[in-house]
Amino acid sequence: MNCELLATCSALGYLEGDTYHKETDCLESVKDLIRYLRHEDDTRDVRQQLGAGQIVQNDLLPIIIQHGQDKALFDASVRLMVNLTQPAMLCFGKVPDDPVFRHHFLQVTSHLQAYKEAFATESVFGILSETLYNLLQLDWEQRQEEDNLLIERILLLVRNVLHVPADPCEEKKVDDDASIHDRLLWAIHMSGFDDLVKFLASAQSEQQWSMHVLEIISLMFRDQTPESLVSAGQARSAEEKHRDSQELEALRQKEQAEKRSRTLQRGNRHSRFGGSYVIKGLKSIGDKDVIYHRNLNNFKNYTHDTGKSVRRVPKRNRQAKECKEKRRSALNVRLFLRDFCVDFLENCYNRLMYLVKESLIREHSQQHDETYYLWALSFFMAFNRGNGFRADFVSETMSTRAFHFIERNVTNYYEMMLTDRKEATSWSRRMHLALKAYQELLLTVNEMDRSQDEGIRQSSNVIKSKMPWCELRMPCLLDWDQKHWDCCVLPGQLALYYFIINPSVYNCLVFLDTIRK
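Values in this document were obtained by computation on a predicted structure and should not be read as measured data.

Chemist: Looking at this structure, how should I read the overall build of the protein chain?
Modeler: Secondary structure assignment for the protein chain yields 23 helices and four strands. The burial tally for the protein chain puts 44% of its 517 residues in the buried class. In the protein chain, the share of contacts with a sequence separation of at least 24, taken over all contacts with a separation of at least 6, comes to 70%.

This is the structure we're talking about:
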């Protein structure tokens, strides 16, 4: 570590057992660290050195837990942690292509993952929740500018910690096991921070935090699916048990087959005279059968492409890779998130989505923040459909304005995919979110058609009357089959219809280019 940084960190204080003893110039040292971070170079050297020194785990977190009554020190420590926990993508702008900068990017990410593990305790979120609660108790005429800044910094700190990706090498968890993200969510729940998030989403006087609240909620549910949360706590059906047993049996048979193949390939002595065989029914270049010159143990892997050089695919034509694998969280976490969804839909959803949409329309938000809106629309409307459909819970997003807003974003994403070819994958992922939201709107309209309430059915008819194609093509859209894609009448909306029912990031560019040609 740099000698100036080392001296500054030493001047913060020291941890003796479970007690942290701060130095007299602790506050000035925290401000010095903030100043050092402001002048770091492109490799983020100061950030990496502070992460290697574990300043968050050994100094900053004990300071806010044990010396939270010192308001100036608490504010400066939270400000420093907001800077240290900001995403690596934000520090470097993008994932670097240069090997040296890629190494620095991975180092910063590993330090962030260590920070996230340190935050996954109830004591840390307890002091954050208590401070935020006391600030929210103040009326608007009593609240100072410093108080609003501290509220925003606490929300940004929680957002940054939730944003940290999981380490697949260190965190090899199975389903129903608590990962670091699950432990973090449980600490949020036990400290009562989730109740404060719901209060911020529903309170009329706190509408300036609507975008921060939606970001935090989307990161809380990033590993979840609406179906898994709806089924949480319910008795498993016989069909689900039979499906799980079949999957387990398939894995067992696969493991036994691999073990047998390894046993067959393991010979007592090496032989270069494996013999030659004729493969009946498999023709070679001529009219004769293929002659096989290798060991029979590897015959199942034989193809005509064996020995050929792999054709290099241009980067712009490669298929996008799935970001992560889905896993099932621990049961207590899923139950807590399920209750959160129920309360959020009942008390917060309509108001929060209205405020976020107004902020997006008036361009008071940052670039690409509409993706949080699109995700929340598709996730919570899908949960509402599965958990006893209530049209009044999602009335804000069930309107022709919502359809128009999503259609406009789909058109914009499609045009940017064609013009900005370097970032085509990012635009296609945003388009995937928009089309999933559009699909959820159509599924909700279909659910309204089957409602027992006459008023809800009339509302559905009003929506469909303003969009005639929706009423004509509803059965085709809901029971879509890719083999019958030419049954759509409107050529201009052909690509849109395809993605509404079968959205896929992978063949987005190829299919849209085909339609355009």
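What follows picks up the thread again.
Chemist: I'm lost on the packing of helix α1 (residues 3-10) against helix α2 (residues 26-38) in this one. Help?
Modeler: Angle between the axes and distance between the axes: these two values describe a pair of packed helices. Two elements in contact, α1 and α2, have axes separated by 9 Å at closest approach and are oriented at 150 degrees. With respect to their mutual orientation, α1 and α2 come out roughly antiparallel. Crossing of α1 over α2 shows left-handed handedness. Residues Glu-4, Leu-5, Thr-8 and Cys-9 of α1 form the contact with α2, whose participating residues are Ser-29, Asp-32, Leu-33 and Tyr-36. Here the contact of α1 with α2 is built from residues that sort into four nonpolar, two polar and two charged.

Chemist: Whenever I open this one, the nonpolar core confuses me. Can you help?
Modeler: One recurring pattern in soluble globular proteins is that nonpolar side chains are buried together. Phe-221, Phe-380 and Ile-406 are the most contacted members of the largest nonpolar core, which totals 119 residues. No other element matches helix α19 (residues 424-449), which puts ten residues into this core.

Chemist: Can you help me understand the environment of Asp-182 in this one?
Modeler: Within the element layout of this structure, Asp-182 appears in helix α10 (residues 180-191). The spacing of Asp-182 and Met-220 is 38 residues in sequence and 9.1 Å in space, taken between C-alpha atoms. Aside from chain neighbours lying at most four places away, what touches Asp-182 is Asp-177, Arg-327, Ser-329, Ala-330 and Val-333.

Chemist: Honestly, the pairing of strand β2 (residues 19-22) in this entry has me stumped. Any pointers?
Modeler: Taken together, the four bridges between strand β1 (residues 13-16) and β2 define a ladder with antiparallel strand orientation. Within the sheet, the bridge partner assigned to Leu-15 lies in β2 and is Tyr-20. Where β1 folds back onto β2 in an antiparallel hairpin, the turn is made up of two residues, including Gly-17, whose phi is positive at roughly 70 degrees.

Chemist: I keep staring at helix α4 (residues 55-66) and nothing clicks. Help me out?
Modeler: In an α-helix there are 3.6 residues to a turn, and that puts residues three or four apart on one side. Along its twelve residues, α4 runs 16 Å from first to last C-alpha, staying within 8% of the 16 Å computed at 1.5 Å per residue. Taking burial as the measure, the twelve residues of α4 include nine buried ones, the bulk of the element. All of the buried residues along α4 are Ile-55, Val-56, Gln-57, Asp-59, Leu-60, Leu-61, Pro-62, Ile-63 and Ile-64.

Chemist: What exactly am I supposed to notice about the packing of aromatic side chains here?
Modeler: When we look at a pair of aromatic rings, we describe it by the centre distance and by the angle of the planes. Inspection of the entire model under this criterion finds 15 aromatic pairs. With a centroid separation of 6.0 Å and 80 degrees between ring planes, the pair formed by Trp-375 and Phe-380 is classed as edge-to-face. Of the two residues examined, Trp-375 and Phe-380, each falls in the buried class. A ring pair is formed by Tyr-413 and Trp-427, whose centres lie 6.0 Å apart and whose planes are at 40 degrees; its orientation type is tilted. On the criterion of sequence distance, the pair formed by Tyr-413 in helix α18 (residues 400-419) and Trp-427 in helix α19 is long-range, its members being 14 residues apart. Following the ring pairs from residue to residue traces out a cluster consisting of Phe-221, Phe-340, Phe-344, Tyr-349, Trp-375, Phe-379 and Phe-380. Directly above the ring of Trp-427 sits Arg-430, whose terminal nitrogen or CZ lies 4.6 Å from the centroid.

Chemist: Would you mind going over the pattern of salt bridges with me for this structure?
Modeler: Any two side chains of opposite charge can pair, given that their charged atoms come close. Going through the model one piece at a time under the given rule, you end up with 18 salt bridges. Residues Arg-362 and Glu-358 are paired through a salt bridge, measuring 3.5 Å at the closest nitrogen-oxygen approach. Shared partners join several salt bridges into a network, and the residues in it are Glu-40, Arg-44 and Arg-47.

Thresholds applied
- Residues numbered from 1 in each chain as written.
- Predicted model: local features only at pLDDT ≥ 70, side-chain atom pairs only at ≥ 80, totals over all residues.
- Heavy atoms only, no water.
- Helix = DSSP H or I, 4+ residues; strand = E, 2+ residues; numbered from the N terminus.
- Buried < 20%, exposed > 50% of the residue type's maximum accessible area, 1.4 Å probe, protein only.
- Contact = heavy atoms within 4.5 Å.
- Axes fitted to C-alpha atoms, helices over the stretch in contact; angles between N-to-C directions.
- Parallel < 35°, antiparallel > 145°, perpendicular 65-115°, else oblique.
- Left-handed = near helix turned anticlockwise from the far one by under 90°.
- Nonpolar A, V, L, I, M, F, W, Y, C, P; charged D, E, K, R; others polar.
- Core = buried A, V, L, I, M, F, W, Y, C linked by side-chain atoms within 4.5 Å.
- Pairing = 2+ DSSP bridges.
- Expected span 1.5 Å × (residues − 1).
- Phe/Tyr/Trp six-rings, centres within 6.5 Å; stacked < 30°, edge-to-face > 60°.
- Lys NZ or Arg CZ within 6 Å of the ring centre and 35° of its normal.
- Salt bridge = Lys/Arg side-chain N within 4 Å of Asp/Glu carboxyl O.

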